[in-house]
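An overview of the molecular structure
What follows is the residue order along each chain.
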Amino acid sequence: MSDERDLSPIKLGFGILWPTFWTGLPIKLAFALLFLALGIMSFETRIGLAFLMLLASPVTVFALPVIVGGLESHIGEGVGIALLFLLAIPIDIWAFGVVGRTFFLERLRKEPPDSLGLTLWWKCAVVGAIFLPILWIAVSWTTETGISVAKSLLDIEMLKFIPVAERISIELTIWGSVATVVLLVFLLIGLSLVGRIVRSTASAAGPASENYQGLIRRWDLMRVPADQGLMLAALSGGAVLLAVLFWASLPETTPHPHECCKKPEVKVQPLYKPVDALNKDEKLLAQVTAQVDALEKQKAEDDGKDKGKGKGKPGKDTAKAPAPPAAKKP
């Protein structure tokens, strides 16, 4: 039987937070896609990864106003952002409850107290509201300082011969490595704080009375709802409702082309038939042959007329020519 004192605070925090992230994230992403399709929410593209981290974390519902208001960090626009994080509260409480009960029984062999999910949620949310702004400030300051130090190092006379591409790579490696190390250190500190919260909650809980077989039976019963038909109907109905709302909202937010920018209608080409093509070519060849014969006949008639006119013209000219004047007598 393992005790909470046998696990470090970092392992306790990671064992609770990591499964909780992935338990509630799919449900939150479904609401996020719906709000984006409805057009009531939009966020900055450059901060999309940070938005996903805030959405995945169950401890940032109170830290988000502190980060946005206190640090003047703009992550997006629309009432959908506030509505999304309000809807994330019951999802996070449910995820904390499911993961916390499983972790207490499986790893700690402790009896999960009542309202375990709510207890873990509000304690972790308070810690996140205090710790995350500190993390934001520290990592931002470290990144800015690392960038300035890297630029000043590469401006030394000995390193000015380095090409531009290599300079960019060296600068990115220098300040990126420092910022990554600082971020990892602060994340370990945050996991340690959450682990201490879990340890204090587990110390107040009593040991589980069942043996290992009894615990396995409780784990199985926790995964099976009491009314399976109602659970299946609720999940299916919710999924269908979200899908209908998503697809119904897409035509309203999708831009339509202007009347003057319509594409020309493309006619469907008829099916190619070799027999018809050959018959058409034969008819065309016959018409061309008839036209050539007619042109040759007309040319021959014109040549005959020209020859007849050429023979009659010299006699006429001789008759019409005036007689030479008679020689004068002396």
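Presented here is a report on the structure given in the accompanying data block. (Residues numbered from 1 in each chain as written. Predicted model: local features only at pLDDT ≥ 70, side-chain atom pairs only at ≥ 80, totals over all residues. Heavy atoms only, no water.)

Attention now moves to the overall build of the protein. Within the protein, the regular secondary structure consists of nine helices and two strands. Along its sequence from the N terminus, the protein presents helices and strands in the succession α-β-α-α-β-α-α-α-α-α-α. Each of the 330 residues in the protein was classed as buried or not, and the buried ones make up 29%. Contacts in the protein between residues at least 24 apart in sequence constitute 83% of all its contacts with a sequence separation of at least 6. When the accessible surface of the protein is split by element, carbon and sulfur atoms take 67% of a total near 23000 Å². (Helix = DSSP H or I, 4+ residues; strand = E, 2+ residues; numbered from the N terminus. Buried < 20%, exposed > 50% of the residue type's maximum accessible area, 1.4 Å probe, protein only. Contact = heavy atoms within 4.5 Å. Areas by Shrake-Rupley, 256 points an atom, 1.4 Å probe, with all protein chains shown as cover.)

The final tally for this structure, using the stated rule, is one salt bridge. Its salt-bridge partner being lysine 28, residue aspartate 92 comes within 2.7 Å of it at the nearest N-O pair. Of the two residues, aspartate 92 sits in helix H4 (residues 79-108) while lysine 28 sits in helix H1 (residues 9-38), which places them 64 residues apart along the sequence. Aspartate 92 gets classed as buried once you look at its relative accessible area, which sits at 3%. Lysine 28 sits in the buried class, given a relative accessible area of 1%. (Salt bridge = Lys/Arg side-chain N within 4 Å of Asp/Glu carboxyl O.)

A few words now on the nonpolar core. The biggest cluster of nonpolar side chains holds 19 residues, and the ones touching the most others in it are Ile16, Phe96, Phe103, Phe104, Leu108 and Val198. For this core, the elements supplying multiple residues, two or more each, are H1, H4, helix H5 (116-154) and helix H6 (164-203). Of the residues forming this core, the biggest block, six residues, is contributed by H4. Beyond its immediate stretch of four places on either side in the chain, phenylalanine 104 contacts Arg109, Lys110, Glu111, Pro112, Pro113, Leu116, Val198, Thr201, Ala202 and Ala205. (Core = buried A, V, L, I, M, F, W, Y, C linked by side-chain atoms within 4.5 Å.)

Running from N to C, H1 and H4 cross one another at 145 degrees; their axes reach a closest spacing of 8 Å. The handedness of the crossing between H1 and H4 is right-handed. Here the contact of H1 with H4 is composed, by residue class, of 19 nonpolar, six polar and two charged. (Axes fitted to C-alpha atoms, helices over the stretch in contact; angles between N-to-C directions. Left-handed = near helix turned anticlockwise from the far one by under 90°. Nonpolar A, V, L, I, M, F, W, Y, C, P; charged D, E, K, R; others polar.)

With that settled, consider the layout of surface pockets. Over the atoms a probe the size of a water molecule is rolled, and this reveals where empty space is left. Taken as a whole, the second largest pocket encloses approximately 570 Å³ of empty space. Along its surface, the second largest pocket is lined by 20 residues, and Ile27, Trp94, Val98, Met231 and Leu235 are the ones closest to its centre. Secondary-structure elements contributing two or more residues to the lining of the second largest pocket are H1, H4, helix H7 (212-223) and helix H8 (228-253). Tallied by class, the residues present in the lining of the second largest pocket amount to 16 nonpolar, two polar and two charged. (1 Å grid on protein atoms, 1.4 Å probe; cavity = no way out; pocket = protein on both sides within 12 Å on 5 of 7 lines; lining within 4 Å. Points joined across faces, edges and corners; volume = space filled by probe spheres on them.)

A positive phi angle, near 55 degrees, is found at arginine 109, a position not held by glycine. The topology assignment puts arginine 109 in the loop between H4 and H5. We classify arginine 109 as buried; its relative accessible area is 18%. Phi angles above zero are rare outside glycine, and serine 115 is one such case at about 50 degrees. Mapped onto the secondary structure, serine 115 falls in the loop between H4 and H5. Since its relative accessible area comes to 49%, serine 115 is described here as partly exposed.

With that settled, the discussion passes to a negative patch on the surface. A contiguous patch of negative charge on the surface is contributed by Glu301, Asp302, Asp303 and Asp306. Within the secondary structure layout, aspartate 302 lies in helix H9 (residues 274-320). (Patch = residues over 30% accessible without salt bridge, like charges linked within 9 Å, V, L, I, M, F, W, Y side chains within 5 Å. Lys, Arg positive; Asp, Glu negative; His and termini not counted. Charge placed at Lys NZ, Arg CZ, Asp CG, Glu CD.)

This part covers H1. For H1, spanning 30 residues, the distance from its first C-alpha to its last is 42 Å, which sits close to the expected 44 Å at 1.5 Å a residue. Taking the largest bend as the criterion, H1 deviates by roughly 35 degrees, centred on leucine 25, and proline proline 26 comes between one and four positions later. Phi for glycine 39, located one or two positions after H1, is positive at around 80 degrees. (Expected span 1.5 Å × (residues − 1). Bend = angle between axes of the 7 residues up to and from the residue.)

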